Amino acid sequence: MCREIWQLPWASDSLQDLCRKGLLEYDKEKERWKIAPMFRDMHFPETNPIFWKHLANWYHQNGNVAEALFCLKKSHDEEAYRACMLQNYAKIPFLEIPYSEVMGWKGTDPRLCYLRGVYCYTRQKPDGINLEIQNLNISEKDAHEKREIYLNLTFLKPDLDLDFWLGLLEQYSREKEHFHLYNILGNSHTYLCGVRDLSRLFACTKREENRKAKIWKEHLGKEEWKCYQLARIDYYLETERKDTIPMEDWELLFAQKDAENSRRSPWQQRLAKLYLLYKLQRLAPKEDHKEQISSLENSLMKEENQVCLKNTEAVSSLFAPVRNEQERLTRWLLKSDKNMGISVKEDNYDQLFCQVKGYLHLNQYKRSEKILRHLIPYLQFYRRNKYLAELLFQQAVIFWDEGLHGQALRKTIESFMVSGEARYVGFYTVYEKKGEEVLEEYIDWLSKNSPGGWHRKKKYNYGNVLRMPKEDYMEVVLRCARREARISRSAEEATEEHLTMMETIILQDINRSLTNAEICEELNLKLPTVKSHIYNLYKKLGVNSRVQAILKGKEQGILD
């Protein structure tokens, strides 16, 4: 850029000098210079429009679409700006740049239909998506790009059955033709429940699963197949089928080159892998994935995309106790509580989902419940059933803690109705004693209200939970919940000299100069309980006063 736009003969020396002065920083992985964070929001003086157009062309030629669009806006060349938007239509919705102006643009160009359709999708406007699909006026004889856009827009429709969409994929594909889905993960951390829930690809007989996999693999590209594999790993882990995960899926998950070189793998895939590795580490503590987890996390935290950074921090913080870093979860929750409102949007719902789960692990039920009231309707609209089923069960656990056992039972019934044929197991098992009690109550209700009675075939090998009668499936869920509760108790006993999560939160409150009464009000605890926590944290830190506790907390890195 320095040579081509500004005609600077000593470009390399100039950049090095700007780096030393703190104006620029060098991204080694992407091999490019970036403006230092503190200067990114600076005001740019008015410059000759021709200069901005030259700069836009340079950025566009080097694959930096967001920067090119910024420069074109500065040039006030609306025609060039629109042309750039349409040329990069597949990337625009996921570049974290505003593009609301497309709603005012007239025409039925398929690329414009896609941009308007995605904009409506992210704003919960289903009629807008339907209108853009109608504007496409699709036929099987249309060009590849138009049919691909149609398939991407229909993939986004929450009310369109996934099996029906696979039929559309077959219908509009020609021999040896592959389509691309522009974004499957969306702003989630798992492909199993991204822009739409993919559980139906796997919640079926083996023959049916193979048929769907064949359609997906034959008519979509190689990157889409990787997304399918990562979704399959998550579903198999969630349904207690780790031993049947195909070897090709394991090879994809443990591919070191993706962790080491971010240019070879999109950040969405690396984030999904990070989540799966954390999940594996929790399910099988003896398997050591720490090195790959650290490598992936480091590469993700170097990205510029804010959704990537925030979701990576959320996932890593949520699973921090797996790495014996309990304090990291509490610090993230405290920071999130200050920085994040309850307005649920497409770019923050995943962080709120992790927040709810983190608060529940800390027994902060009031805070979880406050977020759930807003998050559940949002996920109901998009029919992300895996997330929704878990949130409904979380509500059941909260009601159970409050002594509202009837409401807890109703939410549990709702949760398993949403799960349906997917037969999830994993997320029902991580809420320790209260979750176990809720499951026992639900099984008791089922046994009394099943028309044909409640009978289990003891020691009968069904192969997996999808083939089991409801009775046996529920027994598996309860058995896994009891196992998880035992593991959790053992972990707490093994790390008894570390501050518990609640003790860490109270230490943070002490650092904020809150009185015991104010801590009680904030955490919804009784005064004797707060005093007991303070006594325990004093004992573990080896201190006798608040000032000493704060100093010790900072010394150990618990406090900032």
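Residues numbered from 1 in each chain as written. Predicted model: local features only at pLDDT ≥ 70, side-chain atom pairs only at ≥ 80, totals over all residues. Heavy atoms only, no water.

1. Some remarks on the overall build of the protein
In step 1: The secondary structure content of the protein amounts to 26 helices and two strands.
In step 2: A burial count over the protein gives 52% of its 560 residues as buried.
In step 3: Within the protein, contacts between residues at least 6 apart in sequence are counted, and of these 61% link residues at least 24 apart.
In step 4: Total accessible area computed for the protein in this model is approximately 27800 Å², and 50% of it derives from carbon and sulfur atoms. (Helix = DSSP H or I, 4+ residues; strand = E, 2+ residues; numbered from the N terminus. Buried < 20%, exposed > 50% of the residue type's maximum accessible area, 1.4 Å probe, protein only. Contact = heavy atoms within 4.5 Å. Areas by Shrake-Rupley, 256 points an atom, 1.4 Å probe, with all protein chains shown as cover.)

2. With respect to the state of the cysteines
In step 1: A full pass over the atoms with the stated rule returns zero disulfides.
In step 2: Here Cys84 stays free of any disulfide, with the sulfur of Cys71 as its closest cysteine sulfur at 10.0 Å. (Disulfide = S-S within 2.5 Å.)

3. Notes on the confidence of the model for the protein
In step 1: Summary statistics for the protein give a mean pLDDT of 86 and a share of 86% for residues scoring 70 or more.
In step 2: Within the protein, helix H10 (residues 222-238) carries the highest mean pLDDT (97), whereas helix H12 (residues 256-260) carries the lowest (52). (pLDDT = per-residue confidence, 0-100.)

4. Observations concerning the packing of aromatic side chains
In step 1: For the coordinates displayed, the defined rule picks out 31 aromatic pairs.
In step 2: Residues Phe416 and Tyr428 carry aromatic rings whose centres are separated by 4.2 Å and whose planes lie at 10° to one another, so their mutual orientation is stacked. Placement of Phe416 in helix H20 (residues 405-419) and of Tyr428 in the loop between H20 and helix H21 (432-449) is noted, with a sequence separation of 12 residues between them. There is no split in this pair, since Phe416 and Tyr428 are both buried.
In step 3: The ring of Tyr119 is capped by Arg123, whose NZ or CZ atom sits 3.9 Å from the centre of that ring.
In step 4: The residue whose ring lies beneath Arg384 is Tyr382, and the NZ or CZ to ring-centre distance is 4.4 Å. (Phe/Tyr/Trp six-rings, centres within 6.5 Å; stacked < 30°, edge-to-face > 60°. Lys NZ or Arg CZ within 6 Å of the ring centre and 35° of its normal.)

5. With respect to the environment of Asp337
In step 1: Here Asp337 lies in helix H16 (residues 326-339).
In step 2: It is 9.9 Å that separates the C-alpha atoms of Asp337 and Leu352, two residues lying 15 residues apart in sequence.
In step 3: Ignoring sequence-local partners within four residues, the contact set of Asp337 consists of Gln355, Tyr359 and Arg367.

6. A closer look at the pattern of salt bridges
In step 1: Counted according to the given criterion, the structure contains 36 salt bridges.
In step 2: Across the salt bridge formed by Glu240 and Arg483, the nearest N and O atoms sit 3.8 Å from each other. Residue Glu240 is found in the loop between H10 and helix H11 (247-253), and its partner Arg483 is found in helix H22 (residues 470-494); the two are separated by 243 residues along the sequence.
In step 3: Here Glu240 falls in the partly exposed class, since its relative accessible area comes to 34%.
In step 4: Taking relative accessible area as the criterion, Arg483 reaches 31% and is therefore assigned partly exposed.
In step 5: Three or more residues joined by partner-sharing salt bridges are found here, namely Asp161, Asp163, Arg200 and Lys212. (Salt bridge = Lys/Arg side-chain N within 4 Å of Asp/Glu carboxyl O.)

7. Thoughts on helix H2 (residues 49-61)
Note on helix geometry: an α-helix contains 3.6 residues per turn, so any two residues three or four positions apart are oriented the same way.
In step 1: For H2, built from 13 residues, the straight-helix expectation of 18 Å at 1.5 Å per residue is met to within 8% by its first-to-last C-alpha distance of 18 Å.
In step 2: Trp52, Leu55, Ala56, Trp58 and Tyr59 are the residues of H2 that are buried. Relative to the axis of H2, the buried residues are bounded by an arc of 165° and lie together on one face. When the buried face of H2 is taken as reference, the exposed residues oriented beyond 90 degrees from it are Ile50 and Gln61.
In step 3: Looking at the buried positions of H2, the neighbouring elements they touch are helix H3 (65-75).
In step 4: Positioned one or two residues after H2, Gly63 has a phi angle of 80°, which is positive. (Expected span 1.5 Å × (residues − 1). Arc of directions from axis to C-beta.)

8. Points about unusual backbone geometry
In step 1: We note that His76 has phi near 60°; this positive angle belongs to a residue other than glycine.
In step 2: In this structure, His76 sits in the loop between H3 and helix H4 (78-87).
In step 3: One non-glycine residue, Glu432, lies in the positive phi region at around 55°.

9. Re the nonpolar core
In step 1: In terms of nonpolar packing, the biggest core is built from 171 residues, with Phe155, Trp165, Trp216, Leu375, Tyr428 and Tyr473 touching the most fellow members.
In step 2: At 11 residues, the largest contribution of residues to this core is made by helix H19 (residues 385-401).
In step 3: With residues up to four places along the chain from it excluded, the contact list for Trp216 reads Phe155, Trp165, Leu166, Leu181, Ile184, Leu198, Leu201, Glu224, Trp225 and Tyr228. (Core = buried A, V, L, I, M, F, W, Y, C linked by side-chain atoms within 4.5 Å.)

10. Brief notes about the packing of H3 against H4
In step 1: Two elements in contact, H3 and H4, have axes separated by 8 Å at closest approach and are oriented at 165°. When the axis of H3 is compared with that of H4, the two are roughly antiparallel. Crossing angle aside, the handedness with which H3 passes H4 is left-handed. Contacts between H3 and H4 involve Leu69, Leu72 and Lys73 from the former and Ala80, Tyr81, Cys84 and Met85 from the latter.
In step 2: Here the contact of H3 with H4 is built from residues that sort into six nonpolar, no polar and one charged. (Axes fitted to C-alpha atoms, helices over the stretch in contact; angles between N-to-C directions. Parallel < 35°, antiparallel > 145°, perpendicular 65-115°, else oblique. Left-handed = near helix turned anticlockwise from the far one by under 90°. Nonpolar A, V, L, I, M, F, W, Y, C, P; charged D, E, K, R; others polar.)

11. Describing helix H15 (residues 306-318)
In step 1: In a regular helix each residue adds 1.5 Å, so 13 residues correspond to 18 Å; H15 covers 18 Å between its end C-alpha atoms and thus fits that length.
In step 2: Of all the 13 residues making up H15, 10 are buried; the element is thus mostly covered by neighbouring parts of the structure.
In step 3: Every buried residue belonging to H15 is among Val307, Cys308, Leu309, Asn311, Thr312, Ala314, Val315, Ser316, Ser317 and Leu318, and all of these are buried.
In step 4: The backbone nitrogen of Val307 has a side-chain oxygen 3.0 Å away, supplied by the residue at the start of H15, namely Asn305. (Polar contact = N/O pair within 3.5 Å; in protein donor to acceptor, adjacent residues only side chain to side chain.)

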